[in-house]
Amino acid sequence: MSAGIKLAVNLATRPKRNRRFFFAAAAALVLLALLTGWLGLGTLLHAKRVQAVSARETARLESVRTTQDSLRAGRQDETLRLRTRLKDKVDVLNQALIMKGFGWVEFFGLLEKALPASSYISSMAPVSSVEGKLEVRFKVVSPSLGDTLQLVQNLAAAVGRAPLVQSETRTGGQTISEMTLTYERIH
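The present account deals with the structure reproduced in this document. Predicted, not measured: the structure shown is a model, and the values here were computed from it.

## A short note on the overall build of the protein
- Across its full length, the protein holds three helices and four strands.
- The linear arrangement of helices and strands in the protein, starting from the amino end, is α-α-β-β-α-β-β.
- For the protein, the residues scored as buried account for 16% of the 187 residues in total.
- In the protein, 55% of the contacts between residues at least 6 apart in sequence involve partners at least 24 apart.
- About 14,800 Å² of surface is accessible on the protein, with carbon and sulfur atoms providing 62% of the total.

If you want it as structure tokens, here you go:
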């Protein structure tokens, strides 16, 4: 025989082959598939549990929000009722606070400087006061019309606008003038 190629001929009906590597590879693939399926199933179940907890929490928060909305609406209605019922009292109180916060000493000092020595104020009443502006009605008794005119000029110079002289009457040698002055405090 020649030293050439050696042929291995197996004439058996069921030849013996080494298939261990293929079985090991197949078993590894099956194990990998089972492990992947197990991890996927675990992740899916965990996600479903988290979703259920989130849905319950969302429903709870939605009910809390609905309750708070109804409470807020009730409080707004109550506030509106109180505001309309107490509006007059609040306005009177605010007006009193504005009057209290007004610089009366400064205002009376200005009147004292503007008033001629021979004249005096017989009555005074604040008419209105809005944020630092005061409207005052007062009666001045003067010996002559010239003193009244001097007072009007002095007040116009001190305040920046002349007072409104509403009436003048002459009784017993004296002039009684009723005036309205709008005074705005300079900050």
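There is more to say after this.
## Some words on the nonpolar core
- Among the nonpolar cores identified, the biggest contains 15 residues, and Phe107, Phe138, Leu151, Leu155 and Leu181 are the most heavily contacted of them.
- Breaking this core down by element, the ones donating at least two residues are helix 2 (104–114), strand 2 (133–142), helix 3 (145–159) and strand 4 (174–184).
- Leaving out residues up to four positions away in the same chain, phenylalanine 138 has contacts with Leu111, Ile121, Ser123, Met124, Leu155, Ser177, Glu178, Met179 and Leu181.

## A word on a nonpolar patch on the surface
- Together, Ile5, Leu7, Val9 and Leu11 make up an exposed nonpolar region whose accessible area comes to about 570 Å².
- Of note, leucine 7 is situated in the segment before helix 1 (20–101).
- By relative accessible area, leucine 7 is classed as exposed at 69%.

## Some words on the packing of aromatic side chains
- With the rule as written, the count across this model stands at one aromatic pair.
- For the ring pair phenylalanine 21 and phenylalanine 22, a centre distance of 5.8 Å and an interplane angle of 70° mean the geometry is edge-to-face. The two residues phenylalanine 21 and phenylalanine 22 agree in class, both being exposed.

## Focus on the side chain of aspartate 147
- Along the chain, aspartate 147 falls in helix 3.
- When near neighbours in sequence (up to four residues on either side) are disregarded, aspartate 147 contacts Pro116, Ser118, Ser119 and Ser142.

## Brief notes about the pairing of strand 3 (residues 164–171)
- Of the pairings in the sheet, the one linking strand 3 to strand 4 comprises seven bridges and is antiparallel in character. Residue pairing across strands places threonine 169 opposite isoleucine 176, the latter belonging to strand 4.
- Connecting the antiparallel pair strand 3 and strand 4 is a turn made up of two residues, with glycine 172 showing a positive phi of about 60°.

## Remarks on helix 2
- Listed as buried for helix 2 are Phe107, Leu110, Leu111 and Ala114. Along the long axis of helix 2, the arc covered by the buried residues comes to 100°, so they all point the same way. Away from its buried face by more than 90 degrees, helix 2 exposes Val105, Glu112 and Lys113.

## Details of the environment of asparagine 154
- Looking at the element boundaries, asparagine 154 is found in helix 3.
- Using a relative accessible area of 24% as the deciding quantity, one classes asparagine 154 as partly exposed.
- Counting along the chain gives 43 residues from asparagine 154 to leucine 111, while the straight-line C-alpha distance between them is 9.1 Å.
- A distance of 2.8 Å separates the side chain of asparagine 154 from the side chain of glutamine 150, its partner in a polar contact.

## A closer look at the pairing of strand 4
- In terms of strand pairing, strand 2 meets strand 4 through 10 bridges, oriented antiparallel. Bridge assignment links lysine 139 to a residue of strand 4, and that residue is glutamate 178.

## Topic: the side chain of serine 119
- Checked against the element boundaries, serine 119 lands in the loop between helix 2 and strand 1 (120–130).
- A distance of 2.9 Å separates the side chain of serine 119 from the side chain of serine 142, its partner in a polar contact.
- In contact with serine 119, other than residues within four places in its own chain, are Val140, Val141, Ser142, Pro143 and Asp147.

How each quantity is defined
Residue numbers restart at each chain and count upward from 1, following the sequence in its written direction. With the structure being a predicted model, the display of local features is reserved for residues of pLDDT at least 70 and the display and counting of side-chain atom pairs for 80 or more, all residues being used for whole-chain, interface and lining totals. Hydrogens and waters are ignored; side-chain quantities use all the structure's heavy atoms. Strands here mean DSSP runs of E at least two residues long; helices mean DSSP runs of H or I at least four residues long; both are numbered from the N terminus. Whether a residue is buried, partly exposed or exposed follows from its accessible area with a 1.4 Å probe, protein chains only, as a fraction of its type maximum: under 20%, in between, or over 50%, in that order. Whether two residues are in contact is decided by their heavy atoms: any pair within 4.5 Å suffices. Under the convention used here, a 1.4 Å probe and the Shrake-Rupley method define accessible areas, while residue burial counts only the protein chains that appear. Residues belong to one nonpolar core when they are buried, are Ala, Val, Leu, Ile, Met, Phe, Trp, Tyr or Cys, and are joined through side-chain atoms within 4.5 Å. Patches in this entry comprise residues that are over 30% relatively accessible and not in a salt bridge; like charges within 9 Å are linked, as are nonpolar side chains (Val, Leu, Ile, Met, Phe, Trp, Tyr) within 5 Å. Here, a salt bridge means any Lys or Arg side-chain nitrogen found within 4 Å of an Asp or Glu carboxyl oxygen. Geometry of aromatic contacts follows a simple scheme: Phe, Tyr and Trp rings, the Trp one being its six-membered ring, pair when their centres are within 6.5 Å, and the pair is stacked under 30 degrees between planes, edge-to-face over 60, tilted otherwise. Two strands are said to pair when DSSP picks up at least two bridges between them. The arc refers to the directions leading from the helix axis to the C-beta atoms. In protein, a polar contact means a hydrogen-donor-capable atom and an acceptor-capable atom, both N or O and within 3.5 Å, with residues adjacent in sequence counting only if both atoms are side-chain atoms; elsewhere, any N or O pair within 3.5 Å suffices.

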